[in-house]
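Read off the chains here:
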Amino acid sequence: DEAMGHAALTLAAVLLERGLPGEAEEQAQRSIRAYERCGLAIGRIRAMVNLAAIAGTRGKVEEAERLCREAVAEARERGARLALEEALLRLAALLVQTGRWSATHEALTDAARIALEDARARSAAIAVAHLALTEGLTGRPRAARRQARAAIRLARASLPALEPQAWRALALAHRIA
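Colleague: So what's going on with helix 8 (residues 141-158)? Residues and values would help.
Modeller: Its 18 residues give helix 8 an end-to-end C-alpha distance of 25 Å, which sits within 8% of 26 Å, the value for a rise of 1.5 Å per residue. Taken together, the buried positions of helix 8 are A143, A144, R145, Q147, A148, A151, I152, L154, A155 and S158. Buried residues belonging to helix 8 abut helix 7 (121-137) and helix 9 (163-176).

The following block contains the structure:
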């Protein structure tokens with residue numbers, strides 16, 4: 001069942017990326033059931049985050065946020081730091097859509113802290129780059145510049161595809177200064 005959960009979760013992510021949310025949801029639900037049967041709570045949490053992404057894609061923002069918040073709460077309770085980080089990043093993306101900037105900032109700060117503490121440079125680059133953009137969009141140029149410079153270094157070292165976004169965050173910070 002564990003292998004089935006992993007396979008279904010991966011397939012759900014691929015299907016969502018290919019623009020097939022209906023099929024993706026079916027696979028995400030399948031992964032949740034498989035993880036529940038084998039008792040792998042962390043897998044179930046990650047599958048919930050995947051379901052939240054699917055709901056968000058379909059415009060069901062309230063459902064997506066509820067799923068993310070449930071995943072965050074359970075991951076915190078279980079000390080599942082990777083799952084928590086993933087849930088926080090997904091939650092932050094949803095919060096941006098609804099314009100809740102302080103909550104977005106909080107989620108990104110937590111995700112960045114966890115990623116840095118656990119030496120996951122790619123995740124840290126993503127969280128810090130998004131944090132830099134959030135700082136810029138909320139009118140904090142100094143913090144935005146600091147975060148953007150850190151995001152550029154992290155992206156260059158671990159996720160080069162993200163580097164242009166980090167540079168855009170730095171440009172934004174300079175424009176609002």
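Still more to cover.
Colleague: How would you explain a nonpolar patch on the surface if you had to name every residue and give the values?
Modeller: On the surface, a cluster of nonpolar side chains totalling about 260 Å² of accessible area is made up of V96, W101 and L137. Within the fold, L137 resides in helix 7.

Colleague: Report on the environment of A121, specifying residues and quantitative values.
Modeller: With respect to the helices and strands, A121 occurs in helix 7. Along the sequence, A121 and L20 sit 101 residues apart, while their C-alpha atoms lie 30 Å from each other. In this structure A121 touches L154 and S158, once residues within four positions along its chain are discounted.

Colleague: Account for helix 5 (residues 81-97), naming residues and giving values.
Modeller: Here helix 5 contains 17 residues, and its C-alpha end-to-end distance of 25 Å stays within 8% of the 24 Å for a straight helix at 1.5 Å per residue. Residues A83, L84, E85, A87, L88, L91, A92, L94 and L95 constitute the buried set of helix 5. The secondary structure elements touched by the buried residues of helix 5 are helix 3 (41-57), helix 4 (61-78), helix 6 (101-117) and helix 7. In the stretch just after helix 5, G99 is the one whose phi turns positive, near 75 degrees.

Colleague: Let's hear about the pattern of salt bridges: which residues, and what values?
Modeller: One pass over the full model with this rule turns up 16 salt bridges. Here R120 ties to E85 by a salt bridge, and the two come within 2.7 Å at their closest N and O atoms. Of this pair, R120 sits in the loop between helix 6 and helix 7 while E85 sits in helix 5; the two residues are 35 residues apart in sequence, bridging distant segments of the chain. In this structure E85 comes out as buried when scored by relative accessible area, which is 1%. D118 serves as the salt-bridge partner of R120, at 3.1 Å between the closest nitrogen and oxygen.

Colleague: An account of the packing of helix 8 against helix 9 is requested, with residue identities and associated values reported.
Modeller: Their axes nearest at 8 Å, the elements helix 8 and helix 9 cross at an angle of 165 degrees. Judged by the angle between their axes, helix 8 and helix 9 are roughly antiparallel. The two elements helix 8 and helix 9 cross, and the hand of that crossing is left-handed. Judged by residue contacts, P141, A144, R145, A148, R149, A151, I152, A155 and R156 of helix 8 engage E163, A166, W167, A169, L170, A173, H174 and I176 from helix 9. Looking at the contact of helix 8 with helix 9, its residues break down into twelve nonpolar, one polar and four charged.

Colleague: With reference to specific residues and values, describe unusual backbone geometry.
Modeller: Despite not being glycine, A119 has its phi angle at roughly 60 degrees, a positive value. Within the secondary structure, A119 is located in the loop between helix 6 and helix 7. Under the relative-accessibility criterion, A119 is labelled exposed at 68%.

About the cut-offs
Residues numbered from 1 in each chain as written. Predicted model: local features only at pLDDT ≥ 70, side-chain atom pairs only at ≥ 80, totals over all residues. Heavy atoms only, no water. Helix = DSSP H or I, 4+ residues; strand = E, 2+ residues; numbered from the N terminus. Expected span 1.5 Å × (residues − 1). Buried < 20%, exposed > 50% of the residue type's maximum accessible area, 1.4 Å probe, protein only. Contact = heavy atoms within 4.5 Å. Patch = residues over 30% accessible without salt bridge, like charges linked within 9 Å, V, L, I, M, F, W, Y side chains within 5 Å. Areas by Shrake-Rupley, 256 points an atom, 1.4 Å probe, with all protein chains shown as cover. Salt bridge = Lys/Arg side-chain N within 4 Å of Asp/Glu carboxyl O. Axes fitted to C-alpha atoms, helices over the stretch in contact; angles between N-to-C directions. Parallel < 35°, antiparallel > 145°, perpendicular 65-115°, else oblique. Left-handed = near helix turned anticlockwise from the far one by under 90°. Nonpolar A, V, L, I, M, F, W, Y, C, P; charged D, E, K, R; others polar.

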